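Structural characterization, general
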Amino acid sequence: MNKLTAFFLQFQEYAQLAIRFFAALKHASAYRHELRRELFAIGAQSLPVVILGGTFIGTILAIETGHRYEAFGAKTMVGRTVALGMVRELGPLVAGLLLSARTGAKNASEIGAMKLSEQVDALRAIGSNPVSVLVVPRVLASVIMFLPLTLFADAGGMLGGLIVADASLHIDRAFFWTSAIYGLQMKDLLVGFLKPFFFGFFIGTISCHFGLSTTGGTQGLGRATINAVVISSLVVLLVDFIFTKVVWEVL
Amino acid sequence: MITLTDVSLAIDGAPILRNVTLTVKEGETMVILGPSGAGKSSILKIILGIWKPDTGVVRIEDTDIVPLREEEMLPYRRMMGMVFQGNALFDSMTVRENIEYFLREQGKLRHGEIGRRVAEVLDSVNMQGTEDMYPEELSGGMKKRIAIARAISASPRMLLYDEPTTGLDPVNARAIDELINRFKGKGTTSIVVTHILHDAFAVGDSYAVMSDGAIVAAGSADDILASEDETVKKILEEFRDEASLPRTGASTVPYSII
């Protein structure tokens, strides 16, 4: 089988899983316990890494832009730049990439290990639908938790920017906040808050797909985990690009 | 009754099963023997409806299950209990939760009855006291007993065992054989897939020998041992002495050291 055929077969399987996810949503309430566990694992347990990631990006953005703006007397624009950059682009993107790694690896390795140890077959043998039990709670948890996590990444980034603005660029804190808040428009918030739902869906479904298609022992599990992280990260970037392009042309 | 007629299966072009035909009568324990890779486990997955054969008919209680959709397979799967080769216990759940989850999904018992049934089946496999342990805390023999407890918990009419004694020491293997014989006595129709002759002859009523995806001999233990078929002789040769000495006697080994 050549690589192109293999790619289309993978894509077909992924599309079938996505359809089965929507079909299985009606049984989601039966797996509340699994959903709660995933909400905690994807949400609360990812919080520190997302806040830290956002903070670092905010500080870098403030340092890079602040010193350039300073050269032509516009360093007061730093607050607005950091706010716009974080809310529209970098907040969702940082959260997306960090969660592609964290959640993508978690989902693919957990489900892949279950597949290899016949636990997925055992679910089917007892009359359970593996998509309802394994995929729906994970994808729903990703979709639900992604927006709050993105908000924390945004907040971390603004805080990082504020620290740099105050300590290194000597911009008044109140002025930083005012310019940051007033620099944002409704469409910026709309863009920044819509992306996470798409990111959550794609990261969840892609990583579950690679988990469920794991074959070939521990090497296969490693391959499935790498594919889940790499492909979901690339899809996050692709979706971000499409979103940005559409928003600039439509809004 | 379980009947397979001319069942063939290939995966990625490689033949796994070739025109397999066999019948397991009501209340009978059939042992499917053969070397690793002969296609034995594939038969169990086809009977469970997890895999679909390319050709052939698989009848459970007079119904051909091959054309059935996933949801139509449910009533048939609920007639069966399966003991997987690697046990397939859910490792994020305790022993109690593993069995409770199975019973909840089966939907045959009310909430209050489930706890009582869990205690009963753990008692029947001599695994009381392990309710709150996770699979990773159990030894190989204990895991196998829990897997059997889970499989029998919903009182299935058919039990499928995939290599139930593989990887176990002789003492544990004998204990598992005894469990299989105990449930056999309750009228359950069973299929035991194994490549260990010693255990095969300890539990079987009828036998089928497989090689390269095909059944090369079938019949009673005497028929198999007396077979003049070269492939069967080759498969049995290595174990013939051991096979003529079936294990007897009850296990006296406490579960805690198994």
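Above this text is the structure in question.
Scoring rules and cut-offs
Residues numbered from 1 in each chain as written. Chains lettered and ligands numbered in written order. Predicted model: local features only at pLDDT ≥ 70, side-chain atom pairs only at ≥ 80, totals over all residues. Contact = placed C-beta atoms within 7 Å. Helix = DSSP H or I, 4+ residues; strand = E, 2+ residues; numbered from the N terminus. Nonpolar A, V, L, I, M, F, W, Y, C, P; charged D, E, K, R; others polar. Buried ≥ 20, exposed ≤ 12 C-beta atoms within 10 Å, placed from the backbone. Pairing = 2+ DSSP bridges. Axes fitted to C-alpha atoms, helices over the stretch in contact; angles between N-to-C directions.

Considerations on the interface of chain B and chain A
- At the junction of the two partners, chain B supplies 13 residues and chain A supplies ten residues.
- Where the side of chain B that touches chain A is concerned, the elements lending two or more residues are helix 2 (70–77) and helix 3 (95–106) of chain B.
- With three residues, the single largest contributor to the side of chain B that touches chain A is helix 3 of chain B.
- The residue makeup of the side of chain B that touches chain A, split by class, is eight nonpolar, two polar and three charged.

Here we look at the pairing of strand 3 (residues 29–33) of chain B
Residues and elements named next belong to chain B.
- Counted residue by residue, strand 3 has five buried out of five residues, so it is predominantly covered.
- Across the two faces of strand 3 the burial is the same, with Thr29, Val31 and Leu33 and Met30 and Ile32 all buried.
- Both strand 3 and strand 8 (residues 189–194) contribute to a ladder of five bridges, which runs parallel. Note that in strand 8 the partner of threonine 29 across the bridge is serine 190.
- The pairing of strand 3 with strand 9 (residues 206–211) spans four bridges and is classified as parallel. Its bridge partner lying in strand 9, methionine 30 is registered against serine 206.

Some details on the sheet that holds strand 9 of chain B
All names here are of chain B.
- The strand order across the open sheet built from six strands is 6-7-8-3-9-10, with neighbouring strands paired in mixed fashion. Looking at which strands have only one partner, the edges of the open sheet turn out to be strand 6 (80–83) and strand 10 (214–219). Each adjacent strand pair in this sheet contributes to an overall mean axis angle of 15°, direction not counted.
- Pairing of strand 7 (residues 158–162) with strand 8 involves five bridges; the strand directions are parallel.

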